[in-house]
Amino acid sequence: MAKKRHVLIIGGTKGAGRAAVGAFTKEGCVVSVIARVLPKNSIGKPPRAKYWEADVCDEASVKHALADIVKQRGGLSALVFFQRFRGEGDSWEGELATSLTATRHVIETLVCSFKLKNCAIVLVSSINSALISPQLSAAYHVAKAGLNQLVRYYAVALGARGIRVNCVSPGTFLKPESQAFFLKNKNLVELYDQMIPLGRMCRAEEVARPILFLCGDGASFITGQNLVVDGGLTLTYQESLVRRLLEDSPLHRR
């Protein structure tokens, strides 16, 4: 009998991370999850998923969790990073520590201490690695851009070990945690529908599926790439978008 694939997800309790846990388990994978805060109950937990509580910024805690995961469930077939800084305090230090330093520590610990090889790694970034959203901090933008460079670096540095490293960069997407907000702001949803070439907002499951692809055999010769999941939003020239929105405006049609 073929050995089941073992997937480790960092930060898989909310949004696209939770969707990815469900998607990988549906594919028959054994899924391990490291999260700062564990789900409060077992409702919705896939049966093949097991959770470890650890703060990714606490290197000793994370290393202990990694050792326990490998001991209990075996070597990894794939590794996916979803973690994001959500704490208080200085956002610059927090974002860089959570997104960049923690990611580097997990990857290098697995390679150096647990001899990671023949594995797929996916980092979840954002279209804000290239585009600016003024409501988000400078640290958030810099951290996402840094993740994209980490992908390229590790794709080259770890290629000889059979490790493929890629990136998925979503735009704004619908998830259970934000559903109430968007239901109350239907005008905003309609605006997104107008802006996005595919004519609708992305769902969390649609961020998870490209990750499954990059971790699977179909992507066996793909490494160092950034797959943008935004429905074509970043392809649209801003001036053309503004003109079209104005033309569709009721005020313009008077």
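In case you missed it, the structure is sitting above this.
Note that the structure is a prediction, hence the values are computed from the model and not measured.

Asker: Pulling in residues and values, what's your account of the overall build of the protein?
Answerer: A count of helices and strands for the protein gives nine helices and nine strands. For the protein, the C-alpha radius of gyration of 19 Å lies close to 18 Å, the compact-globule estimate for 254 residues. Principal-axis analysis of the C-alpha atoms gives the protein an extent of 70 × 45 × 40 Å. Within the span of the protein, comprising 254 residues, buried residues form 46% of the whole. When the accessible surface of the protein is summed, it comes to about 14,000 Å², and 55% of that surface belongs to carbon and sulfur atoms. Side chains of the protein carry 33 positive and 21 negative charges; the gap between the two charge centres is 7 Å.

Asker: Tell me about the environment of V111, and please be specific about residues and values.
Answerer: Here V111 is to be found in helix α3 (residues 91-114). It is 13 Å that separates the C-alpha atoms of V111 and A78, two residues lying 33 residues apart in sequence.

Asker: Please set out the packing of helix α2 (residues 59-73) against α3 residue by residue, giving values where relevant.
Answerer: Relative orientation of the contacting elements α2 and α3 amounts to 45 degrees, with a least axis distance of 11 Å. With respect to α3, the axis of α2 lies oblique. Like other packed secondary-structure pairs, α2 and α3 cross with a definite hand, here right-handed. For the pair α2 and α3, contact is made by E59, V62, K63, L66, A67 and V70 and by T101, H105, V106, T109, L110, S113 and F114, respectively. Residue composition of the contact of α2 with α3, grouped by class: seven nonpolar, four polar and two charged.

Asker: Explain the pairing of strand β1 (residues 6-10) to me, and be specific about the residues and the numbers.
Answerer: Counted residue by residue, β1 has five buried out of five residues, so it is predominantly covered. Neither face of β1 is left uncovered, since the one carrying H6, L8 and I10 and the one carrying V7 and I9 both have all their residues buried. As paired strands, β1 and strand β4 (residues 78-81) are joined by four bridges and run parallel to one another. Within β4, the position partnered with L8 by the bridge is L79.

Asker: Residues and numbers for the nonpolar core, please.
Answerer: Ranked by size, the top nonpolar core spans 32 residues in total, and within it I34, L79 and I121 carry the most contacts. Breaking this core down by element, the ones donating at least two residues are β1, α2, β4, α3, β5 (120-124), α4 (138-157) and β6 (164-170). Considering each element in turn, this core owes the most residues, six residues, to α3. Setting aside residues no more than four positions away along its own chain, I121 makes contact with L79, F81, I107, L116, I163, R164, V165 and N166. Core analysis: the next-biggest nonpolar cluster, separate from the first, contains 31 residues, A19, A78, V124 and V229 among them.

Asker: Let's hear about the sheet that holds β6: which residues, and what values?
Answerer: By way of backbone hydrogen bonds, the strands of a sheet pair with one another, either parallel or antiparallel. Strand order in the open sheet made by the seven strands is β3-β2-β1-β4-β5-β6-β9, with parallel pairing throughout. Each of the sheet's edge strands pairs with one partner strand only, and the pair in question is β3 (49-53) and β9 (226-229). For this sheet, the mean inter-axis angle between neighbouring strands, taken without regard to orientation, is 20 degrees. Pairing between β6 and β9: four bridges, direction parallel. Paired with C167 across the bridge in β9 is N226. The sheet strands contacting α3 are β4 and β5, and the helix crosses β4 at an angle near 170 degrees. The strands touched by helix α7 (residues 204-215) within the sheet are β4, β5, β6 and β9, with β6 carrying the most contacts at an inclination of about 165 degrees.

Asker: I'd love a proper account of a positive patch on the surface, names of residues and values included.
Answerer: A cluster of basic residues, K14, R36, K40, R84 and R86, forms a positive patch at the surface. In this structure, K40 sits in the loop between β2 (30-35) and β3.

Cut-offs and rules
- Residues numbered from 1 in each chain as written.
- Predicted model: local features only at pLDDT ≥ 70, side-chain atom pairs only at ≥ 80, totals over all residues.
- Heavy atoms only, no water.
- Helix = DSSP H or I, 4+ residues; strand = E, 2+ residues; numbered from the N terminus.
- Rg over C-alpha atoms; globule rule 2.2 N^0.38 Å.
- Buried < 20%, exposed > 50% of the residue type's maximum accessible area, 1.4 Å probe, protein only.
- Areas by Shrake-Rupley, 256 points an atom, 1.4 Å probe, with all protein chains shown as cover.
- Lys, Arg positive; Asp, Glu negative; His and termini not counted.
- Charge placed at Lys NZ, Arg CZ, Asp CG, Glu CD.
- Axes fitted to C-alpha atoms, helices over the stretch in contact; angles between N-to-C directions.
- Parallel < 35°, antiparallel > 145°, perpendicular 65-115°, else oblique.
- Left-handed = near helix turned anticlockwise from the far one by under 90°.
- Contact = heavy atoms within 4.5 Å.
- Nonpolar A, V, L, I, M, F, W, Y, C, P; charged D, E, K, R; others polar.
- Pairing = 2+ DSSP bridges.
- Core = buried A, V, L, I, M, F, W, Y, C linked by side-chain atoms within 4.5 Å.
- Patch = residues over 30% accessible without salt bridge, like charges linked within 9 Å, V, L, I, M, F, W, Y side chains within 5 Å.
- Salt bridge = Lys/Arg side-chain N within 4 Å of Asp/Glu carboxyl O.

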